Each structure stands twice: as structure tokens, then as C-alpha cells.
Amino acid sequence: MTSYLLRGVSLLGAAPTDVHIVDGRISDRSSDPEIIDAAGLVALPGLVDLHTHLREPGREDAETVETGSRSAALGGYTAVFAMANTSPVADTAGVVEQVWRLGREAGLVDVQPIGAVTVGLAGKQLAELGAMASSAAGVRIFSDDGHCVADPRLMRRALEYVKAFDGIIAQHAEEPRLTEGAQMHEGEVSTRLGLTGWPAVAEEAIIARDVLLAEHVGSRLHVCHVSTAGSVEVLRQAKARGVRVTAEVTPHHLLLTDELAASYDPVYKVNPPLRTASDVQALRDALVEGVIDIVATDHAPHAVEDKECEWAYARPGMVGLETALPVVLSVLGERWDLIAERMSRTPARIAGLTGHGTDLSVGSPANLTLVDPSARRVVDPAELASRSRNTPYAGTTLPGRIVATFLRGEPTVLDGKAVK
Ligand SMILES: NC(=O)N[C@@H](CC(=O)O)C(=O)O
Ligand SMILES: [Zn+2]
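Criteria and thresholds
- Residues numbered from 1 in each chain as written.
- Chains lettered and ligands numbered in written order.
- Predicted model: local features only at pLDDT ≥ 70, side-chain atom pairs only at ≥ 80, totals over all residues.
- Heavy atoms only, no water.
- Helix = DSSP H or I, 4+ residues; strand = E, 2+ residues; numbered from the N terminus.
- Rg over C-alpha atoms; globule rule 2.2 N^0.38 Å.
- Areas by Shrake-Rupley, 256 points an atom, 1.4 Å probe, with all protein chains shown as cover.
- Lys, Arg positive; Asp, Glu negative; His and termini not counted.
- Charge placed at Lys NZ, Arg CZ, Asp CG, Glu CD.
- Buried < 20%, exposed > 50% of the residue type's maximum accessible area, 1.4 Å probe, protein only.
- Pairing = 2+ DSSP bridges.
- Contact = heavy atoms within 4.5 Å.
- Axes fitted to C-alpha atoms, helices over the stretch in contact; angles between N-to-C directions.
- Near = heavy atom within 4 Å.
- Polar contact = N/O pair within 3.5 Å; in protein donor to acceptor, adjacent residues only side chain to side chain.
- Nonpolar A, V, L, I, M, F, W, Y, C, P; charged D, E, K, R; others polar.
- Donors = N, O, S within 2.8 Å, 3.2 Å for Na, K, Ca; no water.
- Expected span 1.5 Å × (residues − 1).
- Arc of directions from axis to C-beta.
- Right-handed = clockwise from strand over helix to strand, strands pointing away.
- UniProt positions renumbered as here; feature names shortened; annotations may be inferred.
- 1 Å grid on protein atoms, 1.4 Å probe; cavity = no way out; pocket = protein on both sides within 12 Å on 5 of 7 lines; lining within 4 Å.

Visitor: For the overall build of the protein chain, give the residues involved together with the corresponding values.
Guide: The secondary structure content of the protein chain amounts to 12 helices and 19 strands. Over its C-alpha atoms the protein chain spans a radius of gyration of 20 Å, differing by no more than 12% from the 22 Å that the globule rule assigns to 420 residues. Along the longest, intermediate and shortest principal axes, the C-alpha atoms of the protein chain span 65 × 45 × 45 Å. On the protein chain, roughly 15,700 Å² of surface is accessible, and the fraction owed to carbon and sulfur atoms is 49%. Charged side chains of the protein chain number 39 positive and 55 negative; the gap between the two group centres comes to 4 Å.

Here's what the structure looks like:
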């Protein structure tokens, strides 16, 4: 294995130092290494995304495990969790093992499949959670994401079931009866545009119910893509009581608002919808405070025909892996330790993923990313490695450039380009 010397690198914003990578681990020395001039670059533990849609199997025209992995590596990620809303749905040991194996073959990030909670995401019958957990993929997180596990009895059973192996149910919190026909956030802008709204309470009511169920069962709940100020308050109270709940926010919900829907450009259509400026502020505060534990991308690639059409017919979702860190940098500033906590260490800890989200001390597995914080980049959809182009940041200037990413000591990205 090649050894590397990262010359003059700043570990999480600290004074420049030399970091060596030998046999896949961080070391204090090396002999005859390949030298990388890292002056001005900041090293972070490789980012970990608990919410990625890789679309394989079934929609390889929008993304594959390989193209999504490359997109992730270019975004500074070393591990991603692949959502189960594929076709066929990842609701059996066979499908999760297939995704896991494709991830290993691509070899660009560690791909950990998430299993479906219910058969076919239909919300009627529990999937074979135990078989997925004991499969080669070792699934620990289950989610019907894209759909809410709306039936409270099924949600209770799922929480009970995964408790045996310390699993997690990750909920897409959306009371479906309150969002029928919804096109965007329900509020002033939806009224003005005459579009049916997705009220904040549709999210908050499910989170409130689920924290009570998780508390009752003593099991672990994770809330996907929290988007409202009211949800933050429900989470704050639950955490104060000691409920085993964690929560994520997406980069887009930290930056963009429902005003963008006035353009009728479906690139801004997403679930949950973009909310108001005061929700954005509450989400930022909650992320800093830790009421929201992590940033997760909800990278949701869609084919051109599913996005470049009328708003009402467009699929919800945005790509996000390659812009997540720049967006978070623009929101939080260069608070490197906080960024490492929210985008690497805490997601790794929640998922029980070892070897990622380390403190980068000598002996740690060399899963890390190098960022140039002084660079600024105009987002060009044509340059994305993702197979899809549905980024809401086209033409936007964002801070920070991911220069290199290492997975177990081997570069997946060098000079801002994917190695393979
Ligand atoms: N977020 C979205 O708008 N879409 C996601 C599903 C989801 O995360 O709910 C997708 O799979 O496209
Ligand atoms: Zn979702």
C-alpha cells in the first residue's frame, strides 16, 4: 500500500502539521511516502451520510450505487446509508445484500443499506427486519422513507422488534391524511400561489406520536429531515425527558425557503417542503445546540423527465452529496469541530459505524477529507458526478472545495477529481 504525507495540513482548523498515512491508518511517520502539499487545507474525518438515495436497483437512469458513491466521495463522504425506496424495495436480505455488494465493488465509500420497515413500503405488514439484520449487510437502520409509517400499531411493533439488536427506526414524519394533494409548505406563499399546502403540523404530529411510542417501548427513533420550528420544540422536550431519539436536518432546509416555489421551478420541490425563514433559523439554532444531532443530505437524484416538467407532476427531491459541506460551511462558518461532530462523528455513532468519524489521532483508520476553505465554487450541474442534475444551487457561489478524500488510506478523490 502507498504511504502518504499530508504536508502542512490543519487538523480541524488547528495549526499546520504533517500527517502520515501508512497501511490505511494515520501515523506519525512514514518512509518514502507520496507527498501531498496540504498547506491551507483542513482535514476532517470523512463525512457520514445517514440519508442517501442511490436508486439502484430500479432507477439506474437516475443514479447507481457507483455514480452515487463517486458523488459522495467528491463531497467528502466516506460512508453513506442507502435508503430502501428502490425497485424492488430493499425489504429482504437479498436486496440489501445486493446493494451492500455493489457498494463494495464500487469501492469509493462504505455503502450501508437501510432496510424497509414494511413490505414494499406499503405500510401494511412488517418486513423481515431480523433477516436483514443478520444478513451480510448487517442492517441496523430501517426506514420506509419516501413514505411515513403512519399506522401507530405497526410503528410500535417495529420499534419493539429492533430493540432486540439495538436497531433504529428512521421515520419520514408525514401524517398522510394532512398532506393529501400537497405541493409545497402550507402558509402565506402557498395561499398566494394557490397551491395546496403541506402543513407543519403534519410533520410535528407524527414526531410527537413517535417520541411517545419510542419512550413507551424504550427503543430508538431517528427522525429524518426535520423541517419545522415546531418539530424542534417537540424534539427538545423529548430529549429533556430522556427519550432515545435522534434527528437530522438537510442542507437545503438550513438554507432555502418556500419563497423559491414562486418560481414554479420544480428543482425546489422536495419532501418535506422548503419552509419559512423562521423555520430555517430555528433549524440552524437547533443544529448548533444539538437538539438536531446531524446533517444528512437526503440526496434524491431524479431523471430529467421527472424534474423538468410541470410543478404538480415533478417528483420531490434534490441531489445534495456534492454540495452538502459547502452549504453547511456557508451556514455555520468555519466551525470545524462542530461540522465534524454534526456531519461525521455523531452520524457514525448513531449508526454504530466503527472506523468512521474518528478524532484522526495516530492509529485511527485513515477515513478523512481535505477541504480548501478559501476556495469558492460556482455550482455547475453539468459538473456533478451524480447521474442526475437536480441541484437547487445551479449558478450559486458556495464556499469550500473538497480537494481529497481518503477511504482506509487510499485516495478516492485527489485534486478535486475522483480517482476512479
Ligand atoms: N425527499 C424527497 O423529496 N424525496 C425522496 C424521498 C424522501 O426522502 O422522502 C426521494 O426518494 O426522492
Ligand atoms: Zn423522506
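There is more to say, and it comes next.
Visitor: Can you lay out unusual backbone geometry for me, pointing to particular residues and giving the numbers?
Guide: The peptide bond linking glutamate 56 to proline 57 adopts the cis configuration, its omega dihedral lying at 5°. With respect to the helices and strands, the residue proline 57 is situated in the loop between strand E6 (47-52) and helix H1 (65-74). Cis peptide bonds are those with omega within 30 degrees of zero, and the linkage from asparagine 271 to proline 272 qualifies with -15°. Following the sequence through the fold, proline 272 ends up in the loop between helix H8 (251-255) and helix H9 (277-289). For tyrosine 264, which is not glycine, the phi torsion reads 55° and is therefore positive. Structurally, tyrosine 264 can be placed in the loop between H8 and H9. The partly exposed category is assigned to tyrosine 264, whose relative accessible area is 41%. Residues other than glycine seldom take positive phi values, yet arginine 408 does so here, at roughly 50°. Relative to the helices and strands, arginine 408 is located in the loop between strand E17 (397-407) and strand E18 (410-414).

Visitor: Can you break down the sheet that holds strand E13 (residues 220-223) residue by residue, with the values?
Guide: Spatial ordering of the open sheet is given by E9-E10-E13-E14-E15, a layout of five strands whose pairing is parallel. Sheet topology places strand E9 (141-142) and strand E15 (294-295) at the edges, where each strand pairs with a single neighbour. Along the sheet face, helix H6 (residues 200-217) touches strand E10 (168-171), E13 and strand E14 (245-249) and points at about 165° away from the line of E13.

Visitor: Just give me the short version of the site of ligand 1, but keep the residues and values in it.
Guide: Surveying the vicinity of ligand 1 reveals 15 residues, the closest of which are Arg55, Asn85, Asp145, Asn271 and Asp298. Histidine 51 places a side-chain nitrogen or oxygen 3.3 Å from an oxygen atom of ligand 1. The side chain of aspartate 145 places a nitrogen or oxygen atom 2.6 Å from an oxygen atom of ligand 1. For ligand 1, whose accessible area on its own is 310 Å², the fraction buried by protein is 94%. Broken down by class, the residue content of the shell around ligand 1 amounts to three nonpolar, nine polar and three charged.

Visitor: Please set out the coordination of the zinc ion (ligand 2) residue by residue, giving values where relevant.
Guide: The coordination sphere of the zinc ion (ligand 2) contains the protein donors Asp145 (OD), His172 (ND1) and His225 (NE2), at a distance range of 1.9 to 2.2 Å. Of note, the zinc ion (ligand 2) draws all its donor residues from one chain, in the sequence arrangement D-x26-H-x52-H. Taken as a pair, aspartate 145 in the loop between E9 and helix H4 (152-163) and histidine 225 in the loop between E13 and helix H7 (229-240) lie far apart in primary sequence, 80 residues in all. Owing to a relative accessible area of 3%, aspartate 145 belongs among the buried residues under this scheme. A relative accessible area of 3% means that histidine 225 is categorised as buried.

Visitor: Any chance you could break down helix H2 (residues 93-106) for me, citing the residues and the numbers?
Guide: Under the 1.5 Å per step criterion, the end-to-end length of H2 is 20 Å for 14 residues, consistent within 8% with the ideal 20 Å. All of the buried residues along H2 are Val95, Val96, Val99, Leu102, Gly103 and Ala106. Relative to the axis of H2, the buried residues are bounded by an arc of 125° and lie together on one face. Turned more than 90 degrees from where H2 packs its buried face, Arg104 and Glu105 sit exposed. Where H2 is buried, its residues meet H1, strand E7 (77-82), strand E8 (110-113) and helix H3 (129-133).

Visitor: Before we move on, could you go through the pairing of E7 and cite the residues and values that matter?
Guide: Taking burial as the measure, the six residues of E7 include six buried ones, the bulk of the element. Here four bridges tie E6 to E7, and the two strands are oriented parallel to one another. Bridge pairing in E7 places valine 48 opposite alanine 79. Tracing the backbone out of E6, into H1 and back to the parallel element E7 gives a crossover that is right-handed. By the bridge criterion, four bridges tie E7 to E8 in an arrangement that is parallel. Bridge assignment links alanine 82 to a residue of E8, and that residue is proline 113.

Visitor: Quick rundown of the UniProt feature "binding site: Zn(2+) 2" (unreviewed entry) in the protein chain? Include the residues and the values.
Guide: The feature "binding site: Zn(2+) 2" (unreviewed entry), as given by UniProt, occupies Asp145, His172 and His225 in the numbering adopted here. These annotated residues cover 81 residues of sequence, and their C-alpha atoms all fall within 10.1 Å of one another, placing them together at a single site. Considering only the annotated residues already named, the ones lining the largest pocket are Asp145, His172 and His225. Engagement of the side chain of aspartate 145 in a polar contact is seen with the side chain of histidine 51, the distance being 2.8 Å. Excluding residues that lie within four positions of it along the chain, histidine 225 makes contacts with His51, Asp145, His172, Glu203, Glu248, Thr250, Asn271, Pro272 and Asp298.

Visitor: Before we move on, could you go through the environment of glycine 8 and cite the residues and values that matter?
Guide: Here glycine 8 lies in strand E1 (residues 4-11). Considering only alpha carbons, one finds glycine 8 and valine 42, 34 residues apart in sequence, at a separation of 9.5 Å. Sequence-distant contacts of glycine 8, defined by excluding residues within four places in its chain, comprise Pro16, Thr17, Asp18, Ala38, Ala39 and Gly40.

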